[in-house]
Amino acid sequence: MTPLLTALQATTVEALPEDAANTAADAARAVTAGAAGDNSLNLLTLVLHASIPVQLVMLLLLFGSIASWVIIFRKKRVLDRAAREADQFEERFWSGAELSKLYAGSTERNRDISGLEAIFEAGFREFSRLRQRRGADSRMQLEGAQRAMRATGSREIDGLEHNLEFLANVGSISPYVGLFGTVWGIMISFQGLANMKEATIATVAPGISEALVATAMGLFAAIPAVWAYNRFATKVERIAVRYDAFSEEFSSILQRQVDEV
(Lines give C-alpha, C1' and ligand atoms only; values in the text may rest on other atoms or scores of the structure.)
Protein backbone atom coordinates (compact mmCIF):
# COMPACT_ATOMS: atom_id res chain seq x y z
CA MET A 1 0.00 0.00 0.00
CA THR A 2 2.79 2.40 0.79
CA PRO A 3 4.42 2.26 -2.69
CA LEU A 4 1.00 2.82 -4.30
CA LEU A 5 0.22 5.86 -2.15
CA THR A 6 3.68 7.23 -2.81
CA ALA A 7 3.15 6.86 -6.57
CA LEU A 8 -0.24 8.59 -6.42
CA GLN A 9 1.18 11.48 -4.42
CA ALA A 10 3.97 11.89 -6.85
CA THR A 11 1.61 12.00 -9.82
CA THR A 12 0.78 15.55 -10.89
CA VAL A 13 -2.55 16.49 -12.43
CA GLU A 14 -2.05 18.33 -15.66
CA ALA A 15 -4.47 21.19 -16.43
CA LEU A 16 -6.50 21.14 -19.61
CA PRO A 17 -5.17 23.25 -22.39
CA GLU A 18 -6.72 26.70 -22.64
CA ASP A 19 -8.25 25.95 -26.03
CA ALA A 20 -9.93 22.83 -24.73
CA ALA A 21 -11.40 24.72 -21.77
CA ASN A 22 -12.80 27.41 -24.04
CA THR A 23 -14.27 24.77 -26.34
CA ALA A 24 -16.05 23.09 -23.46
CA ALA A 25 -17.46 26.40 -22.21
CA ASP A 26 -18.72 27.27 -25.68
CA ALA A 27 -20.37 23.89 -26.00
CA ALA A 28 -22.13 24.34 -22.65
CA ARG A 29 -23.39 27.78 -23.67
CA ALA A 30 -24.60 26.40 -27.00
CA VAL A 31 -26.55 23.64 -25.27
CA THR A 32 -28.12 26.16 -22.89
CA ALA A 33 -29.04 28.52 -25.73
CA GLY A 34 -30.53 25.67 -27.74
CA ALA A 35 -32.65 24.57 -24.82
CA ALA A 36 -33.87 28.14 -24.30
CA GLY A 37 -34.64 28.50 -28.01
CA ASP A 38 -36.64 25.31 -28.04
CA ASN A 39 -38.73 26.50 -25.10
CA SER A 40 -39.42 29.97 -26.56
CA LEU A 41 -42.91 30.79 -27.80
CA ASN A 42 -43.15 31.14 -31.58
CA LEU A 43 -46.71 32.09 -32.48
CA LEU A 44 -46.16 31.84 -36.22
CA THR A 45 -44.89 28.28 -35.90
CA LEU A 46 -47.84 27.32 -33.71
CA VAL A 47 -50.30 28.75 -36.22
CA LEU A 48 -48.66 27.07 -39.22
CA HIS A 49 -48.51 23.68 -37.48
CA ALA A 50 -52.13 23.80 -36.30
CA SER A 51 -54.81 21.66 -37.93
CA ILE A 52 -56.90 23.00 -40.80
CA PRO A 53 -60.08 23.64 -38.72
CA VAL A 54 -58.08 25.50 -36.10
CA GLN A 55 -56.37 27.57 -38.80
CA LEU A 56 -59.77 28.46 -40.26
CA VAL A 57 -60.93 29.59 -36.81
CA MET A 58 -57.82 31.72 -36.41
CA LEU A 59 -58.35 33.25 -39.86
CA LEU A 60 -61.95 34.10 -38.99
CA LEU A 61 -60.88 35.71 -35.72
CA LEU A 62 -58.14 37.67 -37.48
CA PHE A 63 -60.67 39.01 -40.00
CA GLY A 64 -63.04 39.97 -37.19
CA SER A 65 -60.27 41.76 -35.31
CA ILE A 66 -59.11 43.74 -38.35
CA ALA A 67 -62.68 44.70 -39.27
CA SER A 68 -63.33 45.78 -35.68
CA TRP A 69 -60.31 48.08 -35.62
CA VAL A 70 -61.34 49.64 -38.94
CA ILE A 71 -64.83 50.32 -37.57
CA ILE A 72 -63.39 51.66 -34.31
CA PHE A 73 -61.26 54.29 -36.04
CA ARG A 74 -64.03 55.30 -38.44
CA LYS A 75 -66.69 55.46 -35.74
CA LYS A 76 -64.50 57.59 -33.50
CA ARG A 77 -64.01 60.06 -36.33
CA VAL A 78 -67.76 60.16 -37.10
CA LEU A 79 -68.82 60.69 -33.48
CA ASP A 80 -66.20 63.35 -32.87
CA ARG A 81 -67.36 65.18 -35.98
CA ALA A 82 -71.02 64.95 -34.89
CA ALA A 83 -70.22 66.43 -31.48
CA ARG A 84 -68.10 69.17 -33.02
CA GLU A 85 -70.78 70.12 -35.56
CA ALA A 86 -73.42 70.17 -32.83
CA ASP A 87 -71.30 72.60 -30.79
CA GLN A 88 -70.78 74.86 -33.79
CA PHE A 89 -74.45 74.94 -34.79
CA GLU A 90 -75.68 75.54 -31.25
CA GLU A 91 -73.27 78.44 -30.99
CA ARG A 92 -74.76 79.98 -34.15
CA PHE A 93 -78.33 79.15 -33.16
CA TRP A 94 -78.17 80.72 -29.71
CA SER A 95 -76.17 83.72 -30.87
CA GLY A 96 -79.40 85.54 -31.72
CA ALA A 97 -79.33 85.01 -35.49
CA GLU A 98 -82.63 85.03 -37.34
CA LEU A 99 -84.14 81.63 -38.07
CA SER A 100 -84.68 82.50 -41.72
CA LYS A 101 -80.98 83.30 -42.16
CA LEU A 102 -79.96 80.07 -40.45
CA TYR A 103 -82.34 78.18 -42.71
CA ALA A 104 -80.95 79.90 -45.81
CA GLY A 105 -77.43 78.95 -44.75
CA SER A 106 -78.50 75.33 -44.22
CA THR A 107 -80.05 75.05 -47.67
CA GLU A 108 -77.12 76.37 -49.64
CA ARG A 109 -76.16 74.40 -52.73
CA ASN A 110 -73.61 71.61 -52.53
CA ARG A 111 -73.66 71.72 -48.74
CA ASP A 112 -74.05 68.50 -46.83
CA ILE A 113 -75.71 69.04 -43.46
CA SER A 114 -76.14 66.59 -40.64
CA GLY A 115 -76.86 66.41 -36.95
CA LEU A 116 -78.55 69.35 -35.27
CA GLU A 117 -78.45 71.45 -38.40
CA ALA A 118 -80.33 68.78 -40.35
CA ILE A 119 -82.94 68.57 -37.59
CA PHE A 120 -83.35 72.34 -37.60
CA GLU A 121 -83.60 72.45 -41.39
CA ALA A 122 -86.27 69.73 -41.50
CA GLY A 123 -88.36 71.31 -38.75
CA PHE A 124 -88.21 74.85 -40.09
CA ARG A 125 -88.92 73.70 -43.66
CA GLU A 126 -92.05 71.82 -42.60
CA PHE A 127 -93.14 74.67 -40.36
CA SER A 128 -92.80 77.19 -43.19
CA ARG A 129 -94.60 74.92 -45.66
CA LEU A 130 -97.59 74.41 -43.38
CA ARG A 131 -97.65 78.07 -42.49
CA GLN A 132 -98.16 78.98 -46.14
CA ARG A 133 -100.96 76.49 -46.57
CA ARG A 134 -104.50 77.71 -46.17
CA GLY A 135 -106.52 76.14 -43.42
CA ALA A 136 -103.51 74.95 -41.39
CA ASP A 137 -103.89 76.11 -37.80
CA SER A 138 -101.06 76.75 -35.37
CA ARG A 139 -101.34 73.33 -33.78
CA MET A 140 -100.98 71.59 -37.12
CA GLN A 141 -97.96 73.71 -37.98
CA LEU A 142 -96.21 72.88 -34.73
CA GLU A 143 -97.01 69.17 -34.87
CA GLY A 144 -95.79 68.96 -38.45
CA ALA A 145 -92.47 70.57 -37.51
CA GLN A 146 -92.08 68.20 -34.55
CA ARG A 147 -92.74 65.13 -36.72
CA ALA A 148 -90.19 66.29 -39.26
CA MET A 149 -87.60 66.84 -36.54
CA ARG A 150 -88.26 63.42 -34.97
CA ALA A 151 -87.93 61.66 -38.31
CA THR A 152 -84.69 63.47 -39.15
CA GLY A 153 -83.31 62.88 -35.66
CA SER A 154 -84.04 59.16 -35.96
CA ARG A 155 -82.18 58.98 -39.27
CA GLU A 156 -79.22 60.82 -37.80
CA ILE A 157 -79.05 58.48 -34.81
CA ASP A 158 -79.35 55.44 -37.08
CA GLY A 159 -76.35 56.71 -39.02
CA LEU A 160 -74.33 57.14 -35.84
CA GLU A 161 -75.26 53.64 -34.66
CA HIS A 162 -74.22 52.07 -37.97
CA ASN A 163 -71.79 49.13 -37.48
CA LEU A 164 -72.09 49.20 -33.69
CA GLU A 165 -73.95 45.91 -33.94
CA PHE A 166 -70.91 44.36 -35.62
CA LEU A 167 -68.71 45.39 -32.70
CA ALA A 168 -71.20 43.88 -30.27
CA ASN A 169 -71.29 40.61 -32.21
CA VAL A 170 -67.49 40.37 -32.39
CA GLY A 171 -67.19 41.09 -28.69
CA SER A 172 -69.72 38.45 -27.68
CA ILE A 173 -68.99 35.69 -30.21
CA SER A 174 -65.19 35.79 -30.61
CA PRO A 175 -64.37 34.09 -27.26
CA TYR A 176 -66.68 31.19 -28.11
CA VAL A 177 -65.23 30.86 -31.60
CA GLY A 178 -61.74 30.77 -30.12
CA LEU A 179 -62.87 28.22 -27.54
CA PHE A 180 -64.24 26.03 -30.34
CA GLY A 181 -60.84 26.10 -32.03
CA THR A 182 -59.13 25.22 -28.77
CA VAL A 183 -61.44 22.29 -28.07
CA TRP A 184 -61.00 21.01 -31.60
CA GLY A 185 -57.21 21.25 -31.39
CA ILE A 186 -57.09 19.44 -28.05
CA MET A 187 -59.30 16.67 -29.45
CA ILE A 188 -56.89 16.22 -32.36
CA SER A 189 -53.92 16.13 -29.96
CA PHE A 190 -55.43 13.46 -27.72
CA GLN A 191 -56.60 11.44 -30.70
CA GLY A 192 -53.00 11.28 -31.87
CA LEU A 193 -51.98 9.73 -28.55
CA ALA A 194 -54.05 6.64 -29.30
CA ASN A 195 -51.37 5.37 -31.70
CA MET A 196 -48.52 5.90 -29.20
CA LYS A 197 -47.40 3.35 -26.66
CA GLU A 198 -45.89 5.90 -24.32
CA ALA A 199 -47.39 9.38 -23.96
CA THR A 200 -45.58 12.16 -22.15
CA ILE A 201 -46.28 15.82 -21.58
CA ALA A 202 -43.73 16.64 -24.27
CA THR A 203 -45.87 14.74 -26.76
CA VAL A 204 -49.11 16.54 -25.92
CA ALA A 205 -47.73 20.02 -25.22
CA PRO A 206 -47.23 21.20 -28.86
CA GLY A 207 -50.78 20.34 -29.91
CA ILE A 208 -52.32 21.94 -26.83
CA SER A 209 -50.22 25.08 -27.35
CA GLU A 210 -51.44 25.34 -30.93
CA ALA A 211 -55.03 24.99 -29.78
CA LEU A 212 -54.72 27.59 -27.03
CA VAL A 213 -53.61 30.18 -29.57
CA ALA A 214 -57.19 30.18 -30.88
CA THR A 215 -58.52 31.16 -27.45
CA ALA A 216 -55.92 33.92 -27.16
CA MET A 217 -56.90 35.27 -30.58
CA GLY A 218 -60.56 35.17 -29.60
CA LEU A 219 -59.86 37.31 -26.54
CA PHE A 220 -57.64 39.62 -28.60
CA ALA A 221 -60.54 40.24 -30.97
CA ALA A 222 -63.25 40.48 -28.30
CA ILE A 223 -61.73 42.84 -25.72
CA PRO A 224 -61.25 45.90 -27.99
CA ALA A 225 -64.64 45.33 -29.63
CA VAL A 226 -66.49 45.23 -26.29
CA TRP A 227 -64.65 48.31 -25.01
CA ALA A 228 -65.32 50.27 -28.20
CA TYR A 229 -68.99 49.24 -28.31
CA ASN A 230 -69.64 50.38 -24.74
CA ARG A 231 -67.82 53.66 -25.28
CA PHE A 232 -69.48 54.47 -28.62
CA ALA A 233 -72.94 53.42 -27.46
CA THR A 234 -72.62 55.84 -24.55
CA LYS A 235 -71.55 58.65 -26.91
CA VAL A 236 -74.46 57.95 -29.27
CA GLU A 237 -76.90 58.00 -26.36
CA ARG A 238 -75.56 61.37 -25.20
CA ILE A 239 -75.85 62.80 -28.71
CA ALA A 240 -79.41 61.45 -28.99
CA VAL A 241 -80.36 63.19 -25.74
CA ARG A 242 -78.80 66.36 -27.10
CA TYR A 243 -80.84 66.10 -30.31
CA ASP A 244 -84.07 65.57 -28.37
CA ALA A 245 -83.35 68.53 -26.11
CA PHE A 246 -82.72 70.78 -29.10
CA SER A 247 -85.94 69.62 -30.77
CA GLU A 248 -87.92 70.51 -27.66
CA GLU A 249 -86.28 73.92 -27.37
CA PHE A 250 -86.80 74.67 -31.04
CA SER A 251 -90.44 73.61 -30.75
CA SER A 252 -90.87 76.12 -27.92
CA ILE A 253 -89.43 78.86 -30.14
CA LEU A 254 -91.80 77.94 -32.97
CA GLN A 255 -94.69 77.90 -30.51
CA ARG A 256 -93.90 81.45 -29.45
CA GLN A 257 -93.78 82.55 -33.10
CA VAL A 258 -97.21 81.02 -33.70
CA ASP A 259 -98.68 82.73 -30.63
CA GLU A 260 -97.33 86.10 -31.72
CA VAL A 261 -99.14 85.95 -35.05
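A.B. asks: I'm lost on the nonpolar core in this one. Help?
C.D. replies: Note on soluble globular proteins: their nonpolar side chains tend to be buried together. Judged by nonpolar contacts, the single largest core of 35 residues is most densely connected at Phe93, Phe120, Leu160, Leu167, Tyr243, Phe246 and Phe250. Elements with a contribution of two residues or more to this core: α4 (52-93), α5 (99-106), α6 (116-132), α7 (138-160), α8 (164-192) and α9 (201-260). When residues of this core are assigned to their parent elements, the largest contribution, 13 residues, is made by α9. Other than its neighbours up to four places away in sequence, leucine 160 contacts Lys75, Val78, Leu79, Ala82, Val236, Ile239 and Tyr243.

A.B. asks: Please explain the packing of α6 against α7 as it appears in this structure.
C.D. replies: In a packed pair of helices, the relevant descriptors are the angle between the two axes and the axis-to-axis distance. The geometry of α6 relative to α7 is characterised by a closest axis approach of 8 Å and an angle of 155 degrees between their N-to-C directions. What the angle tells us is that α6 and α7 run roughly antiparallel. Remark: the crossing between α6 and α7 carries right-handed chirality. Between α6, through Ala118, Ile119, Ala122, Gly123, Glu126, Phe127, Leu130 and Arg131, and α7, the contact on the second element is made entirely by Met140, Gln141, Gly144, Ala145, Ala148, Met149, Thr152, Gly153 and Glu156. Residue classes in the contact of α6 with α7 are distributed as nine nonpolar, five polar and three charged.

A.B. asks: What is the right way to look at the packing of α4 against α6 in this model?
C.D. replies: Close contact between α4 and α6 brings their axes to 8 Å; oriented N to C, the two are set at 45 degrees. Taken together, α4 and α6 sit at an angle that is classed as oblique. The residues of α6 that touch α4, namely those facing Ala86, Phe89, Glu90, Arg92 and Phe93, are Leu116, Glu117 and Phe120. Considered class by class, the residues forming the contact of α4 with α6 number five nonpolar, no polar and three charged.

Reading the values: the criteria
- In this numbering scheme, every chain counts its residues from 1 along its sequence in written order.
- Local features in this predicted model are restricted to residues of pLDDT 70 or higher, and side-chain atom pairs are both shown and tallied only at a pLDDT of 80 or more, whereas totals for entire chains, interfaces and linings draw on every residue.
- Computation of side-chain values covers all heavy atoms of the structure but excludes hydrogens and water.
- What is meant by a nonpolar core is a set of buried Ala, Val, Leu, Ile, Met, Phe, Trp, Tyr and Cys residues, joined one to another through side-chain atoms within 4.5 Å.
- Accessible area is worked out with a 1.4 Å probe on protein chains only. A residue is then buried under 20% of its type maximum, exposed over 50%, and partly exposed in between.
- Counting from the N terminus, the helices are the DSSP runs of H or I reaching at least four residues and the strands are the DSSP runs of E reaching at least two.
- Residues are treated as being in contact if the distance between any of their heavy atoms lies within 4.5 Å.
- Fitting a line to C-alpha atoms yields each axis, with helices limited to the stretch in contact; the angle taken between N-to-C directions then spans 0 to 180 degrees.
- An angle below 35 degrees is treated as roughly parallel, one above 145 as roughly antiparallel, one from 65 to 115 as roughly perpendicular, and anything else as oblique.
- Left-handed describes a crossing whose near helix is turned anticlockwise from the far helix by less than a right angle; the clockwise case is right-handed.
- Each residue receives one of three labels: charged for Asp, Glu, Lys and Arg, nonpolar for Ala, Val, Leu, Ile, Met, Phe, Trp, Tyr, Cys and Pro, and polar for the others, Gly being one of them.

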